[in-house]
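Below, each chain spelled out in residue letters.
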Amino acid sequence: MQPHSIAMKWSAYLLTAAGLVASGAAASQTTEEFAVIRTIQRFFDAMAERDVEATSEVVIPEGRFFSVREEDGKTVVRSFTNQEYMEGLADREQEVLERFWEPEVRIDGGIATVRTPYDFYMNGELHHCGIDVFDLVHDGTGWKITGGVYTHETETCPESPLGPPPIDISVE
C-alpha cells in the first residue's frame, strides 16, 4: 500500500478517535481549536507520506523543534529546524506513523500551543512515545507550526487509548 493511502486512512481514523477519546470535550471545541488540531494532523499525515510540499503548507521553515531523551542516565537534547526536517523528509526510507490523543489546545489571538501524548511507529513497530508540545501562529491564511518540543521515551510507553494501529489488509 502506498504511504499516501495509509496516511489518509489514519487521518480519518485519528480524527474520529480523538473525538471519541475526548468525548464531551470534543463537543465544546471551537472551530479554531479544531483548525489547530487539524494542522497537527496534516503535519503527521505529510510525515507518513514523506510529502515535503504538504509539510511546507503547515510549517514555518525557520521554526525549530527540540527533542529531549534520557540516554545512559544523561539528558540528551537534539534540535533541528523545520527546514532541516523537510530537507530529509523525502529521503527517509522507513514507514512511519505518529498518532496523538487528548490534545490540550490553548489559543490567544494569533498564537496557539498544543500539548498531547503521542506514540510513534516505525515500519509497523512501536518505536517510541512521549509528549509533543507544538507552537503555532496564524499567518492570515491558516495555522502554521513554528516548532515545539517533545520527549522521546523508549521504555516507558503506556498503552495508547487508540489501541494498536489497524493492520492494513488491502491488496495492491
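Everything that follows concerns the structure shown earlier in this document.
Criteria and cut-off values
- Residues numbered from 1 in each chain as written.
- Predicted model: local features only at pLDDT ≥ 70, side-chain atom pairs only at ≥ 80, totals over all residues.
- Heavy atoms only, no water.
- Helix = DSSP H or I, 4+ residues; strand = E, 2+ residues; numbered from the N terminus.
- Expected span 1.5 Å × (residues − 1).
- Buried < 20%, exposed > 50% of the residue type's maximum accessible area, 1.4 Å probe, protein only.
- Pairing = 2+ DSSP bridges.
- Salt bridge = Lys/Arg side-chain N within 4 Å of Asp/Glu carboxyl O.
- Phe/Tyr/Trp six-rings, centres within 6.5 Å; stacked < 30°, edge-to-face > 60°.
- Core = buried A, V, L, I, M, F, W, Y, C linked by side-chain atoms within 4.5 Å.
- Contact = heavy atoms within 4.5 Å.

A. Structural detail: helix α3 (residues 31-49). In a regular helix each residue adds 1.5 Å, so 19 residues correspond to 27 Å; α3 covers 26 Å between its end C-alpha atoms and thus fits that length. Within α3, burial applies to Val36, Ile37, Thr39, Ile40, Gln41, Phe43, Phe44, Asp45, Ala46, Met47, Ala48 and Glu49. In the stretch just after α3, Arg50 is the one whose phi turns positive, near 60°.

B. Just the pairing of strand β5 (residues 111-122), in detail. Sheet analysis places strand β3 (residues 96-100) next to β5, joined by 5 bridges and oriented antiparallel. Directly across from Val96, in β5, lies its bridge partner Met122. Pairing analysis gives 5 bridges linking strand β4 (residues 104-108) to β5, with the strands arranged antiparallel. Its bridge partner being in β5, Ile107 is matched across the sheet by Ala112. Following β4, the chain reverses through 2 residues before pairing antiparallel with β5; Gly109 in that reversal takes a positive phi of roughly 65°. Where β5 meets strand β6 (residues 125-138), 12 bridges bridge the pair, whose relative direction is antiparallel. Counterpart to Pro117 in the pairing with β6 is Ile131. Joining the antiparallel neighbours β5 and β6 is a turn of 2 residues, in which Asn123 adopts a positive phi near 50°.

C. Representation of the pattern of salt bridges in the model. The full count for this structure, using the stated rule, is 7 salt bridges. In this structure, Asp45 engages Arg38 in a salt bridge whose closest nitrogen and oxygen atoms are separated by 3.8 Å. For Lys144, the salt bridge goes to Asp139, with nearest N and O atoms at 3.5 Å.

D. Looking closely at the packing of aromatic side chains. Applying the stated criterion to the full structure yields 10 aromatic pairs. On the basis of an interplanar angle of 85° and a centroid distance of 6.4 Å, the ring pair of Tyr118 and Tyr150 is categorised as edge-to-face. Of this pair, Tyr118 sits in strand β5 while Tyr150 sits in strand β7 (residues 143-151), and the two are 32 residues apart along the sequence. On the basis of relative accessibility, which here comes to 2%, the residue Tyr118 falls in the buried class.

E. Highlighting the nonpolar core. The biggest cluster of nonpolar side chains holds 25 residues, and the ones touching the most others in it are Ile40, Phe43, Phe134, Leu136 and Ile145. If you list the elements that add at least two residues to this core, you get α3, β1 (59-71), α5 (82-89), β3, β5, β6 and β7. If we skip the residues at most four places from it in the chain, Leu136 touches Val36, Thr39, Ile40, Gly110, Ile111, Ala112, Val114, Trp143, Lys144, Ile145 and Thr146.

F. Broad picture of the pairing of β7. Pairing of β1 with β7, which is carried by 6 bridges, proceeds in the parallel orientation. What sits directly across from Val68, in β7, is Thr151. Two strands pair when backbone bridges link them, and β6 and β7 are joined in this way by 7 bridges, in the antiparallel orientation. Paired with Phe134 across the two strands is Gly148, which belongs to β7. Linking β6 to β7, which pair antiparallel, is a turn of 4 residues; within it Gly140 sits at a positive phi near 95°.

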